[in-house]
Amino acid sequence: MTKLTKKQKTWTIDAEKLHSVDEAIGLAKTNATSKFDETIEVALNLGVDPRHADQMVRGVVTLPAGTGKTVRVGVFARGPKADEARAAGADVVGAEDLMEEIQGGKIEFDRCIATPDMMGIVGRLGKVLGPKGLMPNPKLGTVTMNVADAVKAAKGGQVEYRVEKAGIIHSGIGKASFAQEDLRRNFDALVEAVVRAKPSGAKGKYVKKVAVSSSMGPGIKVDVAEIAGA
């Protein structure tokens, strides 16, 4: 029998019980007892096999109550578009100079945006940016001429979701200090986006399991029957 840690002994949940969304969020907040403001996270177990291209689930969604995080944005652009990016609040803006910084191991951003004419430069960074999930992608709105809006969206609560090899999507929906209703709004926005992104190749039940947790807390199972379109 595994010995419980001091922290685990304070958890107030039934690990097997299915909860309503509001109950799960409330319990996640209650069990976020660390000294820092823990992130409230959602895990969605989907009935897909992401090894098949027609079953990949990936996209972006704007969380209406924000993420509670400061997102650093890097932009590949030149001239007026570079000026637009800076004016919109981009943290790092450049072209060949930014490429050289990244090649030297200096990555000072959490989201990367590029104008289409910069993709020749950005493409050389695929082996660096790709594994970190930072490669700009037209489907995600991060390869665009409208850099100002893209920067503002990234700063204003937009998050990217992507299914992992095991068919699971993990995403934060805010901080434990958020009001319950704000976390619920963010939860609904994320789940609705994932349900809308159901791939044509997915067969059978799409959303199989859902759990909510805080960064350091236990996973709390959600009754999938509450998820519309699952």
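Our subject is the structure that appears above.
The structure displayed is predicted, hence computed values, not measured ones.

Q: Can you tell me about the pattern of salt bridges, naming the residues and giving the values?
A: A full pass over the atoms with the stated rule returns 10 salt bridges. Salt-bridge contacts for R72 lead to D110; the nearest nitrogen and oxygen are separated by 3.2 Å. In this pair, R72 sits in the loop between β2 (58–62) and β3 (73–76) while D110 sits in the loop between α3 (96–103) and β5 (111–114), placing the two residues 38 residues apart along the sequence. We classify R72 as partly exposed; its relative accessible area is 35%. Judged by its relative accessible area of 35%, D110 falls in the partly exposed class. Between K155 and D91 there is a salt bridge whose closest N-O contact spans 2.6 Å. Here K155, found in helix α6 (residues 147–155), pairs with D91, found in the loop between α2 (79–88) and β4 (92–94); they are 64 residues apart in sequence, far enough to count as distant. You can call D91 partly exposed: its relative accessible area is 42%. The structure contains a network of salt bridges with shared partners spanning D22, R184 and D188.

Q: Any chance you could break down the environment of L134 for me, citing the residues and the numbers?
A: For L134, the position within the fold is in the loop between α5 (126–129) and α6. Remark: the alpha-carbon pair of L134 and K35, spanning 99 residues in sequence, is separated by 30 Å.

Q: Go over a negative patch on the surface, please, and point to the residues and values.
A: Together, D97, E100, E101 and E108 make up a negatively charged patch on the protein surface. You can see D97 is positioned in helix α3. The partly exposed category is assigned to D97, whose relative accessible area is 46%.

Q: Please set out the nonpolar core residue by residue, giving values where relevant.
A: Formed by 38 residues in total, the largest nonpolar core has its most connected members in L44, L46, V57, F187, V194 and V210. Secondary structure elements with two or more residues in this core: α1 (21–30), β1 (39–46), β6 (158–162), β7 (168–175), α7 (180–196), β8 (207–214) and β9 (220–222). With 8 residues, α7 is the single largest residue contributor to this core. Excluding residues that lie within four positions of it along the chain, V194 makes contacts with L44, L46, V57, Y161, I169 and Y206.

Q: Quick one: what's the story with the sheet that holds β8, residue by residue and with numbers?
A: The strand order across the open sheet formed by 4 strands is β7-β1-β8-β9, and the pairing between neighbours is antiparallel. The open sheet terminates on both sides in strands that have one partner only, identified here as β7 and β9. Taking the axes of each pair of neighbouring strands and ignoring which way they run, one obtains an average angle of 25° across the sheet. Here β1 runs beside β7; their pairing, made up of 6 bridges, is antiparallel. Note that in β7 the partner of E41 across the bridge is G172.

Q: How would you explain α2 if you had to name every residue and give the values?
A: The set of residues buried in α2 consists of A82, A85 and A88. Burial along α2 is one-sided: seen end-on, the buried residues are contained in an arc of 125°. For α2, the exposed residues lying more than 90 degrees away from the buried face are P80 and A87. Once α2 finishes, G89 follows within two positions and takes phi at roughly 110°, a positive value.

Q: Give a detailed account of the environment of A225, specifying residues and quantitative values.
A: Along the chain, A225 turns up in the segment after β9. Considering only alpha carbons, one finds A225 and D91, 134 residues apart in sequence, at a separation of 42 Å.

What counts as what
- Every residue gets a number counted from 1 within its own chain, in the order that chain's sequence is written.
- Confidence filtering applies because this is a predicted model: local features only for residues at pLDDT of at least 70, side-chain atom pairs given and counted only at 80 or more, and all residues used for totals across whole chains, interfaces and linings.
- Only heavy atoms go into the side-chain values, all of them from the structure, while hydrogens and water stay out.
- Should a side-chain nitrogen of Lys or Arg be within 4 Å of a carboxyl oxygen of Asp or Glu, the pair is scored as a salt bridge.
- Runs of H or I in DSSP of at least four residues are treated as helices and runs of E of at least two as strands, each being numbered from the N terminus.
- Three exposure classes are used, based on accessible area relative to the maximum for each residue type with a 1.4 Å probe and protein chains only: buried under 20%, partly exposed in between, and exposed over 50%.
- A residue counts toward a patch only above 30% relative accessible area and without a salt bridge, and it is joined to like-charged neighbours within 9 Å or, for Val, Leu, Ile, Met, Phe, Trp and Tyr, to nonpolar neighbours within 5 Å.
- Method for areas: the Shrake-Rupley scheme with a 1.4 Å probe, in which residue coverage is limited to the protein chains shown.
- Positive charge is attributed to Lys and Arg, negative charge to Asp and Glu, and no charge count is given to His or to the chain ends.
- The location of each charge is read from NZ of Lys, CZ of Arg, CG of Asp or CD of Glu.
- We define a nonpolar core as any set of buried Ala, Val, Leu, Ile, Met, Phe, Trp, Tyr and Cys residues linked to one another through side-chain atoms lying within 4.5 Å.
- Any two residues having at least one pair of non-hydrogen atoms within 4.5 Å are treated as being in contact.
- DSSP bridges decide pairing: two strands pair if at least two such bridges lie between them.
- Structural elements are reduced to axes, namely lines fitted to C-alpha atoms, with helices fitted over the stretch in contact, and the angle between N-to-C directions of any two is expressed from 0 to 180 degrees.
- What the arc covers is the set of directions going from the helix axis to the C-beta atoms.

Purely geometric numbers; function is a separate question.
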